[in-house]
Structures are given as structure tokens and as C-alpha cells.
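# Coordinates in review
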Amino acid sequence: MEFAFSEEQLAFRDAVRDFLETECPPARVREQWEPGAPGVPRDLWLKLGGIGVLGMRGPETAGGAGADEVDTVLALEETGRAAFPGPVVEHAAVAVPMLAELGDPAGWLPAAVAGEIIITVAEGAGANACGGVCADVVLVGEADALFALEQGTCLGAVPSVDRTRQLARVPSLPEQPLARGPAVARALVAARDRAALGAAAQLIGLGDRMLAMSVAYAKERRQ
């Protein structure tokens, strides 16, 4: 049994790394720390959709790649390595496959796959949503129901220790859910697992980048 990544998976990882080194250098990330910054540069988000990262888990009928979790982790690792600002995991690894599983009840998948909109997620009313201030849609799961809050319905920014991940508080939920039933309950369980996997992948990339920077500094430093 072969557990190594395929040549195609590694080639896509390298393409994502090259893209982020060019389009998302540290200076671009730091711009989003400033007061009044959008949190996610829309032009950069659109380009990330253009190279296929945001639609990896989307179905081919919506313009996605129809990839699985194994295909996804390497690209998410690279977004962590670059400290990419915004809810990449929430959008690409959680919201897109969840909407696909539920039959895309609002018709957002093609725009989400292309990077034309930003979707993030939260668990229940009163929870914080990463990227909730800048997101076009916040999907909120509660029990066996999935609710959708469109831009402007979340409360103002909530302080975050990570300034590349702007938070917003989810208010009370609308009366009518986007979808409800056993399929939603199953999708929400899977969404939590995907969120944990995606966050772990990003942290691996971030940790590897920090280690590389520390080693490089130690080699150059003079007492």
C-alpha cells in the first residue's frame, strides 16, 4: 500500500507555494493587521479561487475539482506557511463540501468555488465566526439545522490574538433555516472533522515556516 502523496498532488502543492510566495508575501499579510483593513484582500481571494484552492472540495458541476481531504491538506498547509489572511479552511474545507453534500440549497457553490464570494462558518448563535466581518455569507450550524447570515448581519469585530483571522460575533439566528434534517446533522459532524483537519494542516505549514526562519536567522546571527 502506498501512503506517499502522488506526483500530481505534490505538483499542485508546489504551484500553490509559488503563487503564495509571489502574491502573499509577509508585507501583504501585515497590511491586513492595520485598523480598517478588509481582513481579506478581495483580489487575492479571487486569484486563490482562480488557481483552484477554494474549489478543491467542490463538485465538478460547480467548477470544482471534486478532490478529497488528502488532496486538500497540502494546499491548506501552504496557506498556513504563508499565513494567508482570511477563512480559507472555513471556506474551502468546510463550507464548500458541506453545501455540496446538501445539494447547494442557495446556489452559492459556483461563486464560492471561483472565489467570487467569501463564506465562513460558526457553531450556533453567540459564537465567533472567523472572517465574519468581511464574509459575504456566514453558515451557522445548530443541532440539525443550517442557517445563513448574509453580509452585515454579524456584529462588529471581536478582538483576536491572530490579526490575520478577524472574528465577528454571530447574533440571534433567523427563524427560517437554509436546510434542516438528518442530512444536515450528519454534514455538521463531518464539518467539524474537516475543520480540525484543515486547521492542523495550516499549523503544520506555519510551524515549518517558523522553523525555517529560525534556522536561517541562527546561521546568519553574529554575537
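For the structure, check the block above.
Residues numbered from 1 in each chain as written. Predicted model: local features only at pLDDT ≥ 70, side-chain atom pairs only at ≥ 80, totals over all residues. Heavy atoms only, no water.

### Observations concerning helix 1 (residues 7-23)
- Helix length check: helix 1, at 17 residues, gives a terminal C-alpha distance of 24 Å against a target of 24 Å (1.5 Å per residue), a fit within 8%.
- Residues of helix 1 that are buried include every one of Gln9, Val16, Phe19 and Leu20, and no others. Buried residues in helix 1, looked at end-on, bunch into an arc of 95°, giving them a common side. Those residues of helix 1 that are exposed and angled more than 90 degrees off the buried face are Glu7, Glu21 and Thr22.
- In this structure, the buried side of helix 1 is in contact with helix 3 (42-50) and helix 4 (69-81). (Helix = DSSP H or I, 4+ residues; strand = E, 2+ residues; numbered from the N terminus. Expected span 1.5 Å × (residues − 1). Buried < 20%, exposed > 50% of the residue type's maximum accessible area, 1.4 Å probe, protein only. Arc of directions from axis to C-beta. Contact = heavy atoms within 4.5 Å.)

### Some remarks on the nonpolar core
- Counting residues in each nonpolar core, the largest one holds 58 residues, and the members touching the most others are Met98, Ile119 and Leu139.
- With nine residues, the single largest contributor to this core is helix 5 (residues 88-101).
- Other than its neighbours up to four places away in sequence, isoleucine 119 contacts Pro87, Glu90, His91, Ala95, Leu99, Trp108, Ala112, Val137 and Leu139. (Core = buried A, V, L, I, M, F, W, Y, C linked by side-chain atoms within 4.5 Å.)

### Quick look at empty space enclosed by the protein
- Here the structure, examined in full by the defined rule, presents one cavity of 30 Å³ or more.
- Taken together, Arg57, Glu69, Thr72, Val73, Leu76, Ala93, Arg194, Leu197 and Gly198 make up the full set of residues lining the largest cavity.
- Within the residue set of the lining of the largest cavity, elements represented by two or more residues are helix 4 and helix 7 (182-220).
- Sorting elements by how many residues they give to the lining of the largest cavity places helix 4 first, with four residues.
- For the lining of the largest cavity, the per-class residue count stands at four nonpolar, two polar and three charged. (1 Å grid on protein atoms, 1.4 Å probe; cavity = no way out; pocket = protein on both sides within 12 Å on 5 of 7 lines; lining within 4 Å. Points joined across faces, edges and corners; volume = space filled by probe spheres on them. Nonpolar A, V, L, I, M, F, W, Y, C, P; charged D, E, K, R; others polar.)

### Regarding the sheet that holds strand 4 (residues 145-150)
- One open sheet accounts for four strands, arranged 1-3-4-7; its pairing is mixed. For this open sheet the edge positions go to strand 1 (119-123) and strand 7 (179-180), each flanked by a neighbour on one side alone.
- Pairing of strand 4 with strand 7 involves two bridges; the strand directions are antiparallel. The residue bridging alanine 145 from the neighbouring strand is arginine 180, located in strand 7.
- Strands in contact with helix 5 are strand 1, strand 3 (137-142) and strand 4; relative to strand 1, the strand with the most contacts, it is inclined by about 80°.
- Packing of helix 7 onto the sheet brings it into contact with strand 1, strand 3, strand 4 and strand 7, and relative to strand 4 it is tilted by some 70°. (Pairing = 2+ DSSP bridges. Axes fitted to C-alpha atoms, helices over the stretch in contact; angles between N-to-C directions.)

### Remarks on the environment of arginine 42
- Along the polypeptide, arginine 42 turns up in helix 3.
- Sequence separation of arginine 42 and cysteine 134 is 92 residues, and the distance between their C-alpha atoms is 9.6 Å.
- Other than its neighbours up to four places away in sequence, arginine 42 contacts Glu116, Ile117, Ile118, Cys134, Asp136 and Gln151.

### Side note on the packing of aromatic side chains
- Scanning the entire structure with this criterion turns up one aromatic pair.
- Residues tryptophan 45 and phenylalanine 84 carry aromatic rings whose centres are separated by 6.3 Å and whose planes lie at 45° to one another, so their mutual orientation is tilted. Pair noted here: tryptophan 45 is in helix 3 and phenylalanine 84 is in the loop between helix 4 and helix 5, with a separation of 39 residues, a long-range link. The exposure classification of tryptophan 45 matches that of phenylalanine 84, with both residues buried. (Phe/Tyr/Trp six-rings, centres within 6.5 Å; stacked < 30°, edge-to-face > 60°.)

### Focus on the sheet that holds strand 6 (residues 167-169)
- Strand order across the open sheet formed by three strands is 2-6-5, with antiparallel pairing between neighbours. Edge positions in the open sheet fall to strand 2 (128-130) and strand 5 (157-158), since each of these has one partner strand only.
- In terms of strand pairing, strand 5 meets strand 6 through two bridges, oriented antiparallel. Residue alanine 157 lies in a different strand from strand 6, and its bridge partner there is alanine 168.

### Focus on the side chain of threonine 79
- Within the fold, threonine 79 resides in helix 4.
- With relative accessibility at 1%, the residue threonine 79 sits in the buried group.
- Within the structure, the side chain of threonine 79 is placed 2.6 Å from the backbone oxygen of leucine 76, a separation counted as a polar contact. (Polar contact = N/O pair within 3.5 Å; in protein donor to acceptor, adjacent residues only side chain to side chain.)

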